[in-house]
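Structural overview for review
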Amino acid sequence: MMRKLLIVIALLASPALAQASSNNENLDSVHIDLADRLSLQKGANTFVNYCLSCHSAAYMRYERMASDLGISEQLLKDNLMFAADKPGELMVTTMAPTDAKQWFGVVPPDLSLTARSRGPDWIYTYLRSFYHDESTPTGWNNLLFPSVAMPHVLHQWQGTRTVHFEEVDGNKHFESFVAGVPGQMTESEYNSTIRDLTNFMVYLAEPAKLVRYRIGFWVMIFMVVFIVLSYTLKKEYWRDVH
Ligand code: HEC
């Protein structure tokens, strides 16, 4: 009985363990705070203006985002709804997948759950790791995601920089950034903008997470009830046998 129970507990805990051990890249950590409403609103603004043109967040509706983040309907319609007519619509990109495939070679992935699949630190680091590279089709490259098909859509804010690589045993190693055209933001302003955007993407992934927790909770209750029932039943049967 005890051993079976331990196996059940181990199986239930394994996804958490797998997630904890998959994070071995060199990432900058970001402070996520879903209670920081202003940060979420700023992130939403950046997201709809600079990301939705290529990516969807197809699990989210505009009106739900607005009510979760305390954005009025007027503000939503005036500033955040470029790809939709009605607040009840899903946040999908207007870019046709066939066009995207032709332009970038890949269809930009849906970003609803990226904060869960990649993690906030990965997103924060990724959006701060672009550099100018003439050898790629877009003219951009990324230290965290080499040969990425996404252009640096926020380069006007961050500025343009190239990378100086050092050749060690035939391998290219990052040496330093070389500053180019300056951006409209200082480094700390850019970092804080990307932090807000990452915060928003964590929120985006949250509603789905809540559903998972709710289902998980009932599965746990069911298992506990089931274990108790089968144990009592077993005792009952064996009493007659003895
Ligand atoms: C011009 C189109 C375009 C825009 C605008 C754009 N992206 Fe992308 N993005 C792409 C493409 C294409 C890829 C796929 C890259 C690849 O697989 O090489 C991608 C990949 C990504 C990924 C990696 C996803 C993964 O798990 O592999 C993230 C994160 C991302 N984009 C975030 C953003 C954010 C945030 C914005 C807004 C600031 C944005 N993108 C704007 C085209 C775009």
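Structure: above.
An account of the accompanying structure is given in this report. Please read these numbers as outputs of a predicted model, since none were measured by experiment.

Moving on to the pattern of salt bridges. In this structure the tally under the stated criterion is six salt bridges. A salt bridge links Glu73 to Lys77, with the shortest nitrogen-to-oxygen separation between them at 3.1 Å. With Glu73 and Lys77 both in helix H4 (residues 73-80) and four residues apart, the pair spans about one turn of that helix. The shortest N-O distance in the salt bridge between Arg239 and Glu236 comes to 2.9 Å.

Rolled over the atoms, a probe sized like a water molecule indicates the empty space that remains. In this structure, the second largest pocket spans a volume of roughly 650 Å³. Listing elements by their share of the lining of the second largest pocket, those giving two or more residues are strand E5 (159-168), strand E6 (171-182) and helix H9 (187-241). In terms of residue class, the lining of the second largest pocket is made up of twelve nonpolar, twelve polar and six charged.

Moving on, we get to the packing of aromatic side chains. If you walk through the whole model with that rule in mind, you get ten aromatic pairs. Where Tyr126 meets Phe145, the ring centres are 6.0 Å apart and the plane angle is 45°; that geometry is what we call tilted. In this pair, Tyr126 sits in helix H7 (residues 120-126) while Phe145 sits in the loop between strand E4 (140-142) and helix H8 (155-158), placing the two residues 19 residues apart along the sequence. For Tyr126, a relative accessible area of 9% corresponds to the buried category. A residue is classified by how much of its surface remains accessible, and Phe145, at 32% relative accessible area, is partly exposed. Taken together, Trp122, Tyr126, Phe130 and Phe145 form an aromatic cluster joined through their ring pairs. Its guanidinium or amino end placed over the ring of Trp122, Arg118 lies 4.1 Å from that ring's centre, counting from NZ or CZ. We note Arg161 situated over the ring of Phe177; from NZ or CZ to the ring centre the distance is 3.6 Å.

Take the nonpolar core next. Among the nonpolar cores identified, the biggest contains 41 residues, and Phe47, Tyr62, Met65, Leu69, Leu76, Met91 and Phe200 are the most heavily contacted of them. At the level of elements, helix H2 (37-50), strand E1 (57-61), helix H3 (62-69), H4, H7 and H9 are the ones that each hand at least two residues to this core. If you tally residues by element for this core, the top one is H9, at nine residues. Setting aside its immediate chain neighbours within four residues, Tyr62 contacts Leu52, Leu76, Leu80, Met81, Ala83, Ala84, Pro87, Glu89, Leu90 and Met91.

In this section: the coordination of the iron atom of the ligand. All of the protein donors around the iron atom of the ligand are His55 (NE2) and Met150 (SD); their distances to the metal are 2.0 to 2.2 Å. Each of the six donor atoms bound to the iron atom of the ligand contributes to angles spanning 87 to 178°, and the resulting shape is octahedral. Within this pair, whereas His55 is found in the loop between H2 and E1, its partner Met150 is found in the loop between E4 and H8, the two being separated by 95 residues in sequence.

Okay, H2 next. Compared with an ideal rise of 1.5 Å per residue, which puts 14 residues at 20 Å, H2 spans 20 Å between its outermost C-alpha atoms and is within 8% of the ideal. All buried positions along H2 are accounted for by Ser39, Leu40, Gly43, Ala44, Thr46, Phe47 and Val48.

Further remarks concern the site of the ligand. Around the ligand, 24 residues are found, and the nearest of them are Cys51, Cys54, His55, Arg118 and Met150. A distance of 2.9 Å separates an oxygen atom of the ligand from a polar atom in the side chain of Arg118. Secondary-structure elements contributing two or more residues to the shell around the ligand are H7 and H9. Of the residues assigned to the shell around the ligand, the class counts are 20 nonpolar, three polar and one charged.

Cut-off values and rules
Residues numbered from 1 in each chain as written. Predicted model: local features only at pLDDT ≥ 70, side-chain atom pairs only at ≥ 80, totals over all residues. Heavy atoms only, no water. Salt bridge = Lys/Arg side-chain N within 4 Å of Asp/Glu carboxyl O. Helix = DSSP H or I, 4+ residues; strand = E, 2+ residues; numbered from the N terminus. 1 Å grid on protein atoms, 1.4 Å probe; cavity = no way out; pocket = protein on both sides within 12 Å on 5 of 7 lines; lining within 4 Å. Points joined across faces, edges and corners; volume = space filled by probe spheres on them. Nonpolar A, V, L, I, M, F, W, Y, C, P; charged D, E, K, R; others polar. Phe/Tyr/Trp six-rings, centres within 6.5 Å; stacked < 30°, edge-to-face > 60°. Buried < 20%, exposed > 50% of the residue type's maximum accessible area, 1.4 Å probe, protein only. Lys NZ or Arg CZ within 6 Å of the ring centre and 35° of its normal. Core = buried A, V, L, I, M, F, W, Y, C linked by side-chain atoms within 4.5 Å. Contact = heavy atoms within 4.5 Å. Donors = N, O, S within 2.8 Å, 3.2 Å for Na, K, Ca; no water. Tetrahedral: all angles 85-135°; square planar, octahedral: opposite > 155°, others 65-115°. Expected span 1.5 Å × (residues − 1). Near = heavy atom within 4 Å. Polar contact = N/O pair within 3.5 Å; in protein donor to acceptor, adjacent residues only side chain to side chain.

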